[in-house]
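# Structural overview
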Amino acid sequence: MASNVNPTVRRRRLGQELRRLRESKNMTAEQVADRLLVSQSKISRLENGRRSISQRDVRDLCGVYEVEDERMVDSLMQMAKDSRQQGWWHAFGDIPYSVYIGLETDAESLRMYEPQIIPGLLQTHAYAEAVIAGALPESTPAEIEKRVTVRTRRQERVRDAERPLRLWAVIDEGALHRVVGSRQLMVEQLEYLIEQAQLPHVTVQVLPFEMGAHPGISGQYSILEFPDTSDSSVVYIEGVTSDLYLEKTQDVGKYSVMYEHLRAQALNVEQTRDFIAEMARKYAKS
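Attention here is on the structure that accompanies the text. Quantities reported herein were computed from a predicted structural model and do not represent experimental measurements.

### Remarks on the sheet that holds strand 5 (residues 234-237)
Within a sheet, each strand pairs with its neighbour through backbone hydrogen bonds, oriented either parallel or antiparallel. The six strands are arranged 3-2-1-4-5-6 in an open sheet whose pairing can be described as mixed. Every other strand in the sheet has two partners, leaving strand 3 (202-207) and strand 6 (244-246) as the edge strands with one partner each. The average angle at which neighbouring strand axes cross in this sheet is 15 degrees, direction not considered. Where strand 2 (residues 166-172) meets strand 3, six bridges bridge the pair, whose relative direction is parallel. Directly across from Trp168, in strand 3, lies its bridge partner Thr203.

### Overview of the side chain of Lys42
Of note, Lys42 is situated in helix 3 (residues 40-47). Not counting chain neighbours up to four residues away, the residues in contact with Lys42 comprise Arg51 and Asp57.

### Some thoughts on the side chain of Gln155
Tracing the chain through its elements places Gln155 in the loop between helix 8 (141-154) and helix 9 (156-159). Non-local contacts of Gln155, meaning those with residues more than four positions away in its chain, are made with Gly120, Leu121, Leu122, Gln123 and Tyr192.

Criteria and cut-off values
Residues numbered from 1 in each chain as written. Predicted model: local features only at pLDDT ≥ 70, side-chain atom pairs only at ≥ 80, totals over all residues. Heavy atoms only, no water. Pairing = 2+ DSSP bridges. Helix = DSSP H or I, 4+ residues; strand = E, 2+ residues; numbered from the N terminus. Axes fitted to C-alpha atoms, helices over the stretch in contact; angles between N-to-C directions. Contact = heavy atoms within 4.5 Å.

Below is the structure:
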């Protein structure tokens, strides 16, 4: 396995292989859990890559699945060992959305709908600081700065000359009207948004109020796709205390269709640029 594959993706690939082995034996996760005297949720989390997996876990599961090919067992054991390595984000301590960062770091493309704020990958340092401080009012300045630093580090994927993240962002008009920090800060943020939207791999569209109800009315979500076809696409929905990751083909398909409707209803690229520029001018005059 390539050494540059991050541990989150390693866990996902290992989990997919373990699920394939279980299904080949026509066993349910509950049956496997009963055999190993563990919870069904542990088996599920191992298979979906949400939990770190040990070499002992792999050995035990291979025993249940009666895997006789020692080379396969050794390969899976090595994958488990590699998956326990730490990504760059672990240096910042307990980051609640670390699973998402791991996926984003390895993703080839990201489609997102954001109704409330400018997407994190397109935020200025000052805007990010104001957003985080407002969203987490009980956080210390040090905690806020740590989160801002992580967000800034994530943005390197957008600017990566060799392997840039293909980013498509549909932003609700409400996010442009929400004054975060100050009006001058909003001017700087909107000008930066226009600048980033000019990158060849970044597309930004504004969904205007006049469109009324739309498929994204239920809230923010992102769709991540990966360069390796063996890695299934993931729909990410951010929560307050926990996040939701959807990987089933029908779920990803449904959200993808919703996103196509959002892109069709949003202003086109040129209209979006003019709309954002006009908003920036209004902030500058007020």
